[in-house]
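Residue-level listing of the chains:
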Amino acid sequence: RLTPNDLDKFVKFHNVRLLRPTPQPFSHAICRPDHYPVGLLSIESHDGETECIHSHSREVVATANLKIPLSAATVLELTGQQYLHGYMNHRFGNSHKSHQLVARARQFSSFILVIGNMTDGSTLDPKDAIIVQNKDELLIPLMLDELPTAKEFKDAVKS
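Residues numbered from 1 in each chain as written. Predicted model: local features only at pLDDT ≥ 70, side-chain atom pairs only at ≥ 80, totals over all residues. Heavy atoms only, no water.

S.K.: Looking at this structure, I do not really get the nonpolar core. What am I missing?
M.R.: The nonpolar side chains of soluble globular proteins are, as a tendency, buried together. One finds F26, L41, I43, I53, L101, A103, A105, F111, L113, V132 and L138 forming the largest nonpolar core, which totals 11 residues. Among the secondary structure elements, those contributing two or more residues to this core are β3 (39-46), β9 (98-105) and β10 (110-120). Residue contributions to this core peak at three residues, all from β9. If sequence neighbours within four positions are ignored, L101 has contacts with L41, S42, I43, L113, I115, L138, L139, I140 and L142. (Core = buried A, V, L, I, M, F, W, Y, C linked by side-chain atoms within 4.5 Å. Buried < 20%, exposed > 50% of the residue type's maximum accessible area, 1.4 Å probe, protein only. Helix = DSSP H or I, 4+ residues; strand = E, 2+ residues; numbered from the N terminus. Contact = heavy atoms within 4.5 Å.)

In structure tokens:
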């Protein structure tokens with residue numbers, strides 16, 4: 001009998017053979033250049049067992065630094081490499097996986113996690129922020145929307 005895990009294994013196997021570059025686990029060290037990592041950021045799926053999702057990733061050549069307005073008078077400007085990630089969730093039957101953003105800090109280390117919406121190519125509108133420090137583990141559930149199938153979309157447009 002086929003299970004959702006069988007479909008995941010099938011898709012991962014064929015993605016490695018067909019896609020270049022292959023999808024990689026979404027698990028990234030948080031660190032300053034030439035320093036030891038202070039934490040880890042990952043997106044994990046959970047359906048009885050927990051594992052990192054595999055995403056497509058590409059470095060984006062930024063034309064400007066990323067700006068985060070903190071108040072009317074203060075704008076934080078971030079430099080460094082920027083990446084764009086894409087994830088395609090496969091579903092088998094009525095099975096649904098839950099996903100969560102996981103931030104972990106190392107002992108005696110800290111970083112700030114900012115979550116928000118991109119308003120344009122170089123500005124992030126912050127919605128929430130938190131300091132992750134000293135072996136903290138932060139789990140944020142993600143609410144993902146599925147794209148409708150072609151038939152569902154066509155039916156929705158007709159009505």
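What follows continues from the structure just given.
S.K.: Looking at this structure, I do not really get unusual backbone geometry. What am I missing?
M.R.: Leave glycine aside and you will find that most residues have negative phi; peptide bonds, for their part, are mostly trans. Across the junction of R20 and P21, the peptide omega takes the value -5°, indicating a cis bond. Relative to the assigned elements, P21 resides in the loop between α1 (4-18) and β1 (24-25). Residue K135 is not a glycine yet carries a positive backbone phi of 65°. Tracing the chain through its elements places K135 in the loop between β11 (123-133) and β12 (137-142). Taking relative accessible area as the criterion, K135 reaches 60% and is therefore assigned exposed.

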